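Here's the letter readout for the chains.
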Amino acid sequence: MLKRKIIPVFLASVLAVSGTTGFSVGVFSENVYASEEANTQRLADFADLLDADQKEELEVKLDQISENYDCDVVVDIEESIDGMDPTAYADDFFDYNDYGMGNDKSGILFMLTMSERKWAISTHGEAISIFTDAGQEYITDNIVSYFSDGDYYEGFTQFADLCEKFIVQAQSGEPYDTGNLPEEEIPFYISFLIALVIGFVIALIVSLVMRSGMKTVHMKPDAADYMKAGSLHINRSRDMFLYHHVTRTAKPKNDNSGGGSSTHTSSSGETHGGSSGSF
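All residue numbers refer to position in the chain's written sequence, counted from 1. Selection of residues for local features in this predicted model requires a pLDDT of at least 70, selection of side-chain atom pairs for listing and counting requires 80 or more, and totals for whole chains, interfaces and linings are taken over all residues. The basis for every side-chain value is the complete set of non-hydrogen atoms in the structure, without hydrogens or water.

A. The nonpolar core, seen in detail. Nine residue types can take part in a nonpolar core, namely buried Ala, Val, Leu, Ile, Met, Phe, Trp, Tyr and Cys, and a core is a set of them joined through side-chain atoms within 4.5 Å. Whether a residue is buried, partly exposed or exposed follows from its accessible area with a 1.4 Å probe, protein chains only, as a fraction of its type maximum: under 20%, in between, or over 50%, in that order. Of all hydrophobic cores here, the largest spans 35 residues; its most connected members are Phe110, Leu112, Phe131, Phe156 and Phe159. Those elements that place two or more of their residues in this core are α1 (52–69), β6 (72–78), β7 (107–113), β8 (118–124), α3 (127–130), α4 (133–148) and α5 (152–170). We count a stretch as a helix when DSSP gives it H or I for four or more residues in a row; a strand needs E for two or more, and each element gets its number in order from the N terminus. With 9 residues, α5 is the single largest residue contributor to this core. Here, residues are in contact when the closest pair of their heavy atoms is within 4.5 Å. Other than its neighbours up to four places away in sequence, Phe110 contacts Val74, Val75, Asp76, Trp119, Ala120, Ile121, Ile143, Phe147, Phe156 and Phe159. Membership of the second largest hydrophobic core comes to 11 residues, among which are Val74, Tyr89, Phe94 and Tyr99.

See the structure below:
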């Protein structure tokens, strides 16, 4: 089971002697949460937000996605992070719990802290290019409202499903990014209303066409049609300028956003992508 323990500063460097096989050195940062059994759980609910069934279902989903695509998808729920920077905390939780799969330790972690009402995403390895800055914004735009409403299970489930969608897209060679994000799905009731309106318009047009075909007398569109030929004589004519109309179009500004993923370095020296915000 995944557990947290604080590594004090005086244990920052520990030497473990192992018989004739030599020794190993473990270095940890002060007040960094580490796990006693690394990378055993992809769901860490320290705030007890989810019930037993929800935890089981969500962890099964996270495990399936992670193992199917060789990319760790992790959810960390904290009661409080004691004022730490959310991004730094998420990075350290990923690193010191030894998450990530493959040679490059590919993975994405979503951290939620209840007391601070903050969220953070940390990506590592290949997942940095899979989950671009624009992609992370798209994901959080689609899940944060669930957390604000208190529907945590649905929010985490949507996160997992979107992660799978992004990983599959990246396998095609073109990850979701600026100008290439998933199309918004139209709710069924809106689709139904659109179809209803289109049907009404078509029926109205057909009805008007049929009605117009039943008339034998029509109003003349031009006043000249009512004049007797040769009865109008123009003695003088002139052109008079009345007004002018100018249309101005703003010059488009250069957009220097080229997409991709911004990165930073965690306390352990690892390169991460990520983002953070409030809910």
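B. Spotlight on the packing of aromatic side chains. Pairs were defined over the aromatic rings of Phe, Tyr and Trp, the Trp ring being its six-membered one, requiring ring centres within 6.5 Å. Orientation was assigned from the angle between planes: stacked under 30 degrees, edge-to-face over 60, tilted for the rest. A full pass over the atoms with the stated rule returns 14 aromatic pairs. Seen from their ring centres, Tyr89 and Phe93 are 6.4 Å apart, and the 20 degrees between their planes marks the pair as stacked. Of this pair, Tyr89 and Phe93 are both found in helix α2 (residues 86–96), 4 residues apart, which corresponds to roughly one turn of the helix. Judged by relative accessible area, Phe93 falls into the buried class, the value being 2%. One aromatic cluster is present, built from ring pairs that chain together Phe110, Trp119, Phe147, Tyr152, Phe156, Phe159 and Phe279.

C. Representation of the pairing of β6 within the structure. Among the 7 residues of β6, 7 are classified as buried, and the element is accordingly described as predominantly covered. On β6, burial covers both faces: Asp72, Val74, Asp76 and Glu78 on one face and Val73, Val75 and Ile77 on the other are all buried. Pairing analysis gives 3 bridges linking strand β5 (residues 43–45) to β6, with the strands arranged parallel. Each residue of the ladder has a partner; that of Asp45, found in β6, is Ile77. Look down the strands so they point away from you; if the path from the first strand over the helix to the second goes clockwise, the crossover is right-handed. Running through α1, the crossover from β5 to the neighbouring parallel element β6 is left-handed. Two elements, β6 and β7, share 7 bridges in a ladder whose sense is parallel. Strands qualify as paired when DSSP identifies two bridges or more between them.

D. Structural view of unusual backbone geometry. Phi angles above zero are rare outside glycine, and Lys105 is one such case at about 55 degrees. The residue Lys105 is located in the loop between α2 and β7 in this model. Unusually for a residue other than glycine, Arg117 sits at a positive phi of about 55 degrees. For Arg117, a relative accessible area of 31% gives the class partly exposed.

E. Representation of the packing of α4 against α5 in the model. Axis definition: a line fitted to C-alpha atoms, limited for helices to the stretch in contact. Angles are taken between N-to-C directions and run from 0 to 180 degrees. α5 packs onto α4 with a crossing angle of 160 degrees between their chain directions and a minimal axis gap of 8 Å. By the angle between their directions, the pair α4 and α5 is classed as roughly antiparallel. For the pair α4 and α5, the crossing hand works out as right-handed. Mapping the contact onto sequence places Gly135, Tyr138, Ile139, Asn142, Ile143, Tyr146 and Phe147 in α4 and Tyr152, Glu154, Gly155, Phe156, Gln158, Phe159, Leu162 and Phe166 in α5. Per-class residue counts for the contact of α4 with α5 are 10 nonpolar, 4 polar and 1 charged. Small angles under 35 degrees read as roughly parallel and large ones over 145 as roughly antiparallel, with 65 to 115 read as roughly perpendicular and the rest as oblique. Helix crossings get a hand from a simple test, with the near helix turned counterclockwise from the far one by less than a right angle marking a left-handed crossing and a clockwise turn marking a right-handed one. Charged means Asp, Glu, Lys or Arg here, nonpolar means Ala, Val, Leu, Ile, Met, Phe, Trp, Tyr, Cys or Pro, and polar covers whatever is left, Gly included.

F. The pairing of strand β10 (residues 271–278), seen in detail. Note: β8 against β10, 7 bridges, orientation antiparallel. The residue of β10 that forms the bridge with Ile121 is Ser275. In this structure, strand β9 (residues 263–265) lies alongside β10, joined through 3 bridges in antiparallel fashion. Within β10, the position partnered with Thr263 by the bridge is Gly273. Counting the residues between successive antiparallel strands, the hairpin from β9 to β10 contains 5 residues, one of them, Gly269, with a positive phi of roughly 90 degrees.

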